[in-house]
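Descriptive structure summary
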Amino acid sequence: MKARVTVTLKTGILDPQGKAIEGALKSLGVDGVASVRQGKVFDIELAAADKAKAEAALKEAADKLLANTVIENYRVELLG
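Structure report, in brief. (Residues numbered from 1 in each chain as written. Predicted model: local features only at pLDDT ≥ 70, side-chain atom pairs only at ≥ 80, totals over all residues. Heavy atoms only, no water.)

1. With respect to the overall build of the protein chain
- The number of helices and strands found in the protein chain is two helices and three strands.
- Ordered by position in the sequence, the α and β elements of the protein chain form the string β-α-β-α-β.
- Compactness check: the protein chain gives a C-alpha radius of gyration of 16 Å against a globular reference of 12 Å for 80 residues, more than 25% above the reference.
- The principal-axis extent of the C-alpha atoms belonging to the protein chain is close to 45 × 25 × 15 Å.
- Counting across all 80 residues of the protein chain, residues that qualify as buried make up 22%.
- Considering only contacts in the protein chain between residues 6 or more positions apart, those separated by 24 or more positions represent 69%.
- Carbon and sulfur atoms make up 56% of the accessible area of the protein chain, which totals about 5,500 Å².
- Taken together, the 12 basic and 11 acidic charged side chains of the protein chain have centroids lying 2 Å from each other. (Helix = DSSP H or I, 4+ residues; strand = E, 2+ residues; numbered from the N terminus. Rg over C-alpha atoms; globule rule 2.2 N^0.38 Å. Buried < 20%, exposed > 50% of the residue type's maximum accessible area, 1.4 Å probe, protein only. Contact = heavy atoms within 4.5 Å. Areas by Shrake-Rupley, 256 points an atom, 1.4 Å probe, with all protein chains shown as cover. Lys, Arg positive; Asp, Glu negative; His and termini not counted. Charge placed at Lys NZ, Arg CZ, Asp CG, Glu CD.)

2. A look at the side chain of E72
- Topologically, E72 is positioned in strand 3 (residues 72-78).
- Note on E72: relative accessible area 12%, which makes it buried.
- Among the polar contacts listed, one links the side chain of E72 to the side chain of K40, at a separation of 3.5 Å.
- Of the polar contacts made by the side chain of E72, one reaches the backbone nitrogen of N68; its length is 2.7 Å. (Polar contact = N/O pair within 3.5 Å; in protein donor to acceptor, adjacent residues only side chain to side chain.)

3. Let's talk about the sheet that holds strand 3
- Pairing is antiparallel across the open sheet formed by three strands, whose spatial order is 2-1-3. Bordering the open sheet on either side are strand 2 (39-45) and strand 3, each of which pairs with just one other strand. Taking the axes of each pair of neighbouring strands and ignoring which way they run, one obtains an average angle of 15 degrees across the sheet.
- Sheet topology places strand 1 (residues 2-9) next to strand 2; seven bridges connect them, and they run antiparallel. Counted as the bridge partner of R4 is D43 from strand 2. (Pairing = 2+ DSSP bridges. Axes fitted to C-alpha atoms, helices over the stretch in contact; angles between N-to-C directions.)

What follows is the structure, given as structure tokens:
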């Protein structure tokens, strides 16, 4: 089973890397960029067949390792 965990900064948390990317895009002439927020994507392949157990395991992994839940949100998607 494949899954994706997407980690992003919570609203209100400053994102200096996103600001740097925003500035770089503008300096490259990319028009229409209002703002950029950066995050992390983890593509994970699991041996589990039970979707509920797989989702629970991924949420636990995100809580303990993949995301700093004080400043980051995460989303778990089971891809099949």
